[in-house]
2 protein chains.
Amino acid sequence: MEFEQAWLTYTKRDSGKETEEIKYIRLSMQGKEQDKVIQNSILELQRAFAGMFGRELIVCRKPEQSVCLMLTEGMQAEAYHIYEDKGEVTIAASDSKGILYGVFAFLRQVQTGSPLDGLDLRKAPKMPLRMLNHWDNMDGSIERGYSGASFFFRQNQILVDERTVTYARLAASVGINGVVINNVNVKDAATWLITERYLDKVGELADIFGGYGIKLYMSLNYAAPTELGALDSADPLAEEVRSWWKEQMKMVFERVPNLGGFLIKADSEGRPGPFTYGRTHADGANMLAEAVAPYGGIIIWRCFVYNCQQDWRDYKTDRARSGYDNFKALDGQFLDNVILQIKNGPMDFQVREPVHPLFGGMTQTNQMLEVQIAQEYTGQQRHLCYLIPMFQEVLKFRTYVQEENDTVEEIVSGKTFGQCNCGMAAVANTGDDANWTGHDMAAANWYGFGRLAFEPELSAEEIAKEWIRLTYGADKQVEETLLFMLMSSWKAYEQYTSPLGIGWMVNPDYHYGPNVDGYEYSRWGTYHRADHLGLGVDRSRQGTGYALLYKEPNASVYDDKRKCPDELLLFFHHIPYTWKLKSGKTVIQHIYDAHFDGVDMVDEMVERFRKLEGKLPQKQYLRMLERFQHQKEHAREWRDQINTYFYRKSGIPDERGREIY
Amino acid sequence: MEFEQAWLTYTKRDSGKETEEIKYIRLSMQGKEQDKVIQNSILELQRAFAGMFGRELIVCRKPEQSVCLMLTEGMQAEAYHIYEDKGEVTIAASDSKGILYGVFAFLRQVQTGSPLDGLDLRKAPKMPLRMLNHWDNMDGSIERGYSGASFFFRQNQILVDERTVTYARLAASVGINGVVINNVNVKDAATWLITERYLDKVGELADIFGGYGIKLYMSLNYAAPTELGALDSADPLAEEVRSWWKEQMKMVFERVPNLGGFLIKADSEGRPGPFTYGRTHADGANMLAEAVAPYGGIIIWRCFVYNCQQDWRDYKTDRARSGYDNFKALDGQFLDNVILQIKNGPMDFQVREPVHPLFGGMTQTNQMLEVQIAQEYTGQQRHLCYLIPMFQEVLKFRTYVQEENDTVEEIVSGKTFGQCNCGMAAVANTGDDANWTGHDMAAANWYGFGRLAFEPELSAEEIAKEWIRLTYGADKQVEETLLFMLMSSWKAYEQYTSPLGIGWMVNPDYHYGPNVDGYEYSRWGTYHRADHLGLGVDRSRQGTGYALLYKEPNASVYDDKRKCPDELLLFFHHIPYTWKLKSGKTVIQHIYDAHFDGVDMVDEMVERFRKLEGKLPQKQYLRMLERFQHQKEHAREWRDQINTYFYRKSGIPDERGREIY
């Protein structure tokens, strides 16, 4: 499959006076020049300068000026320092990954036209782990993939080709340092990834990744001991099971020594796990952690555990509680090389959810924030929905677990509890489409996720601007238009889809398009409880009590329908259509207004986009236009179905008399 | 795959005095004894007598008593005459198919314990064509198949084995004389069935069928000339297209001379057709009819043509009208060897629909009634739903197309308009499950369809009794229980699913289980239009005008909500929840009552069934019990979802205060 270069296009541009004045670029660190990461850093610089300015960069190996001998003491791992002095640019770091990130940062400066004169830039990544989780299946399909087929797997084989290298460059350029290559739902051939059948190829892939500072991880089938035919049990406390894993991991790490570790979805949505044997998640995770510990491996254990056989008639059971209820009591029981990976919200990547109460709920456990840049519930890369503003809200959320340093960002950066096995993971949005992400502008989510995990202090707007300039150059109108579109998109999507934090209302299974009752009578625990008088789920102390899982003052705010923020009101409370929101509107009028407004926002986005014809490469322009036209139509479908549903149900007309069917 | 013998078990039983007195069974017809059908008739008698009584039947070839020389003049094709005289049973017919049907009829007499002494039974089939349509794909899957995989195809190959013969025996035993082996949605390999790649095997199959008086038919891909790579067009008026088909059909019938003809789904649900070339269905069908006419072939053209890209906001377009609107104007334009195949109702095999208005709407066109014994919308062979009572209602429906002989039965029997290319077809409910039909009792629909098409004067109850006795023997309690269950089942299913003729309310795509809004905002033209005040589709003269497509007095009855039968009220009218039905109940109370009653009926069925333990073969009993337990639960799911939906929407409580969620 043909592929493009996303934001690493390095297209020809006029070299400004500043870049012409650059005489040397010095890479400065302690270590060996032969390091692959350094070699790749040099290659990247050469590629960029050749592409952008037609300038050839020659590698000089004068010892007195060399990369190897400069003192860079006191810098933390992966950090870089870029400074300019009389046309000489130095990129200093204490390790080769720092050099690589420094090179990409320097190139970003050049590409975005930022001043180089007197540049003095020091950066260290905030999150220790900055990971992509690919839900790629070995048959080449991708679970919740909206950008073509897998480029890691095809017909149960591992692919290693040119695209792999470009993928690694793109990931590394935004600071990604870990990649899980296979779907968390590990089945069929993927169970065999940890066997001789595949380890040579896994090793090849790991080496390519390693050259870009990225560790390779795999998703693990908890039932591997039985499914690989070795044992009758996968009981984590059974001695033969523990030995089996130890032997298996010894073999795996001997063959792939630079492997990062494993991601596990256990006892969730039909996946096997320790519950089968009456054991806890801690038992299961710790057993695996012991097996990988000798090799520096880590075990990432997902907290997405809930009863997916719920009865819709049951108003007591609350899926939102399940992560907390399953893991809170285990706080402190996990080994140091275990990380719990927790979705941003308690449900499943809806356009709006409260922050997961396990953040701040646990204090003695390594935690990683899981977000999803694959837009499963936010338009599936056919709608534009720039998610970085949402992720930022999550990161800034105060948990009140202690008096300060209590935000989600501080927790998963390791600052709150002094941890180093923590960070942020995103379910990836890539596939073998030429543009990697189906929707050209969905690449902003990939780019943005990496940048945000590295430097969460950046604003969503700054990140968007960087991505636009790197991808499409410096044209002012292009920048303003795409920036407006990106920054409006999440809000617009929220407006024209499910209202006020209630979520869902999508077609079951494939999760695309409106279906108000799609999950209302299902076993998935995802209800809106709308009747002719009102809607919403009572999660207050009178209801499921979920609101009380938060630390104060959050608990009191969420528990009280008069204090609860409008955008989460229906998540926490069952509210009459006639209830007045803080905005002064009734709930029903808000529903109508939001849906008409959301569509208007899309119309404006598309109208402004059309003016870019001729300013963007025509092929990309047309490709994007097609998606925007679909989004326009599909936003109307959302608007009309939601408005009609609630009009038919409530019988309350729109104050402004707009068309509802 | 292992398979059973369904109602042709011929299990050992005591031979009563009567059967012991049988000395000879004489097969009497004009023709050759070597005829395969005669051979199979003899085999069947021998198999039955050996199985039931351990008696060996010897074939005598005394000329003066032989089958070949008796005079049987004056009998119509396929008819038989069975009579007993002093222990000598004669089965007389004017053709070998008559003999075969006579043999099966005679065996039915023996098996059901009917008197043989002085037996004198003359029967001729009412419907000229009595067909099964299999929606089997060549990959082995079955569209809307609920009984395992195809036994005609696997991995793009045609299967011919022992099961094929048993299938033909079962079909012939109830009078089936035509079988379409492949899905009407003809794609991929199936397009190649009419080529050398498959014709040898098709011929083998056709010969086996032929031995049981069954003609083999195939579904045709209208776009075959282009898809087989021969031409750029499939325009039915283009000379090269017409020649191509003539050549192709010449080849096909040379290879498979006993082929019956073809079934075509054109311009429907994405299938290609003459519309692509601006031609009519008559143009398309006639072109094919001309190509097969020299070989006595017929073309069966489906009328299931509608706009499947409808906008749910559009209250004017009415899918129910589409068959009529597409075909009515073509009446008289079709060649004699074309048959229009029309579903029983205007929608799609719902549990309750009015009769299709094309019956009686056309007077100069061969018409065939299509029903579905695959229970796509009636429980998918997991729920018991005996459909023969429904088919009978359809057959007895008076169209008023002329003063008498105007029922659907008379139209498709050929009586009304003096036609002979007409009859009845059922979408089949078989697969390679051991019991053929998934649910053991779903076999009653297969059995019943054939019997009904042959002798529509039989009551659903008589047919059910026959099937029970043939399948499970003469135990009185078994008979009474299963008869009660069969005869209650359609009504029960109607009660606990969608109310008062409105239909749908199922999960999209796979059509199983309740989902009130499942199709409400879809493109399929299948809506209920429920709001907080009422529900139903206005198809009166004020609405889509569909009611007026019927002849008087039907049109006036359907058009007037006060005259319209309750069970079709919501199909024809949008009605307030508070409207009083003829039953005296309000619509909403009817909904609640029907759903509680329907579940009670299922409970009673299952309770009575449990008492058969020990009276039915244990394996079958347990297999059936499992399905009934599922039906009990699933009927509750239907009840609760429908009741909850309408309670939430209307706000009107159940008068009897039963639990609604």
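Cut-off values and rules
- Residues numbered from 1 in each chain as written.
- Chains lettered and ligands numbered in written order.
- Predicted model: local features only at pLDDT ≥ 70, side-chain atom pairs only at ≥ 80, totals over all residues.
- Helix = DSSP H or I, 4+ residues; strand = E, 2+ residues; numbered from the N terminus.
- Rg over C-alpha atoms; globule rule 2.2 N^0.38 Å.
- Contact = placed C-beta atoms within 7 Å.
- Pairing = 2+ DSSP bridges.
- Axes fitted to C-alpha atoms, helices over the stretch in contact; angles between N-to-C directions.
- Buried ≥ 20, exposed ≤ 12 C-beta atoms within 10 Å, placed from the backbone.
- Parallel < 35°, antiparallel > 145°, perpendicular 65-115°, else oblique.
- Left-handed = near helix turned anticlockwise from the far one by under 90°.
- Nonpolar A, V, L, I, M, F, W, Y, C, P; charged D, E, K, R; others polar.
- Core = buried A, V, L, I, M, F, W, Y, C linked by C-beta atoms within 7 Å.
- Least-squares fit on C-alpha atoms with pLDDT ≥ 70 in both.
- Domains from an automatic or database assignment.
- Right-handed = clockwise from strand over helix to strand, strands pointing away.
- Expected span 1.5 Å × (residues − 1).
- Bend = angle between axes of the 7 residues up to and from the residue.

Draft legend 1. Highlighting the overall build of chain A. Of the regular secondary structure elements, chain A holds 18 helices and 16 strands. Since a compact globule built from 661 residues should have a radius of gyration of about 26 Å, the 25 Å found for chain A is in line with a globular shape. Once the C-alpha set of chain A is aligned to its principal axes, its extents read approximately 80 × 65 × 50 Å. In chain A, the share of contacts with a sequence separation of at least 24, taken over all contacts with a separation of at least 6, comes to 70%.

Draft legend 2. Representation of the sheet that holds strand β5 (residues 129–133) of chain A within the structure. All names here are of chain A. Spatial strand order, β5-β8-β9-β10-β11-β12-β13-β14: 8 strands in a closed barrel with parallel pairing. Along the sheet, successive strands turn relative to each other by an average axial angle of 25 degrees, direction set aside. Sheet topology note: the strand β10 (residues 261–264)/strand β11 (residues 298–302) ladder contains 4 bridges and is parallel. The partner of Ile 264 across the bridge, within β11, is Trp 301. The strands that helix α8 (residues 281–292) touches are β10, β11 and β12 (338–343); relative to β11, the one it contacts most, it runs at about 160 degrees.

Draft legend 3. Region of the structure containing the environment of B:Gln495. Residue and element names in this part refer to chain B. You can see Gln 495 is positioned in helix α14 (residues 476–496). Taking the C-beta count within 10 Å as the criterion, Gln 495 has 24 such neighbours and is therefore assigned buried. When residues no more than four places from it in sequence are discounted, the contact partners of Gln 495 are Ala 594, His 595, Asp 597, Gly 598 and Met 601.

Draft legend 4. Representation of the packing of helix α12 (residues 443–454) of chain B against helix α13 (residues 460–472) of chain B in the model. Residue and element names in this part refer to chain B. α13 packs onto α12 with a crossing angle of 125 degrees between their chain directions and a minimal axis gap of 10 Å. For the element pair α12 / α13, the angle class is oblique. Here α12 runs over α13; the crossing is right-handed. In this structure, α12 uses Ala 443, Ala 444, Tyr 447, Gly 448, Arg 451 and Leu 452 to contact α13, whose residues at the interface are Ile 463, Ala 464, Glu 466, Trp 467 and Thr 471. Tallied by class, residues from the contact of α12 with α13 come to 7 nonpolar, 2 polar and 2 charged.

Draft legend 5. Molecular detail of the nonpolar core. By size, the foremost hydrophobic cluster in this structure holds 200 residues, and its most contacted members are A:Ala171, A:Val179, A:Ile299 and A:Met368. B:Trp301, B:Trp467, B:Phe571 and B:Phe646 belong to the second largest nonpolar core, which has 199 residues in total.

Draft legend 6. How the structure looks around the sheet that holds strand β10 (residues 261–264) of chain B. Residues and elements named next belong to chain B. As summarised here, the arrangement of the 8 strands in space is β5-β8-β9-β10-β11-β12-β13-β14, forming a closed barrel in which the pairing is parallel. The average undirected angle you get between the axes of adjacent strands in this sheet is 25 degrees. Here helix α5 (residues 196–210) sits on the sheet and contacts β8 (178–180) and β9 (215–220); the angle it forms with β9, its principal contact strand, is near 140 degrees.

Draft legend 7. Molecular detail of the packing of helix α17 (residues 587–610) of chain A against helix α18 (residues 618–650) of chain A. All names here are of chain A. Interaxial distance between α17 and α18 falls to 10 Å at its minimum, and their mutual angle equals 170 degrees. One element, α17, and the other, α18, form an angle in the roughly antiparallel class. Contacts between α17 and α18 involve Ile 588, Ile 591, Tyr 592, His 595, Phe 596, Gly 598, Val 599, Val 602, Asp 603, Val 606 and Phe 609 from the former and Phe 628, Gln 631, Lys 632, Ala 635, Arg 636, Arg 639, Ile 642, Asn 643, Phe 646 and Ser 650 from the latter. Here the residues of the contact of α17 with α18 are counted per class, giving 12 nonpolar, 5 polar and 4 charged.

Draft legend 8. Main features of the relation of the copies chain B and chain A. With an RMSD of 0.0 Å, the operation that places chain B on chain A is a rotation of 180 degrees combined with a shift of 0.0 Å along the axis. A rotation of that kind, with that shift, is consistent with a two-fold axis. The rotation axis passes nearest to the C-alpha of B:Lys649 in chain B, at a distance of 2.6 Å. Most of the interface of chain B is mirrored in chain A, where 100% of its interface residues are also at the interface.

Draft legend 9. A look at the domain arrangement of chain A. All names here are of chain A. Under the domain assignment used here, chain A contains domain 1 (17–123), domain 2 (129–472) and domain 3 (496–537 + 574–650). Between the C-alpha centres of domain 2 and domain 3 there is a distance of 29 Å. With 23 residues of domain 2 in contact, the opposing surface of domain 3 contributes 23 residues.

Draft legend 10. Broad picture of the pairing of β11(A). Residues and elements named next belong to chain A. Counting buried positions over the 5 residues of β11 gives 5, a clear majority of the element. Of the two faces of β11, the one lined by Ile 298, Ile 300 and Arg 302 and the one lined by Ile 299 and Trp 301 are each fully buried. Where the polypeptide runs from β10 across α8 and back to β11, its parallel neighbour, the crossover connection is right-handed. Both β11 and β12 contribute to a ladder of 4 bridges, which runs parallel. Each bridged residue has a counterpart across the sheet, and for Arg 302 the counterpart in β12 is Gln 341.

Draft legend 11. Structural detail: α14(B). All names here are of chain B. Taking 1.5 Å of rise per residue, the 21 residues of α14 would be expected to cover 30 Å, and the 29 Å separating its terminal C-alpha atoms lies within 8% of that figure. Helix geometry: α14 is bent most strongly at Ser 489, by close to 40 degrees. Of all the residues in α14, the buried ones are Thr 481, Leu 482, Met 485, Leu 486, Ser 489, Trp 490, Ala 492, Tyr 493, Glu 494, Gln 495 and Tyr 496.

Draft legend 12. Region of interest: the environment of B:Gly87. Residue and element names in this part refer to chain B. Its place among the elements puts Gly 87 in the loop between β2 (80–85) and β3 (88–92). With 62 residues separating them in the primary sequence, Gly 87 and Ile 25 have C-alpha atoms 8.6 Å apart. Setting aside anything within four residues of it in sequence, one finds Gly 87 in contact with Glu 21, Ile 22 and Lys 23.

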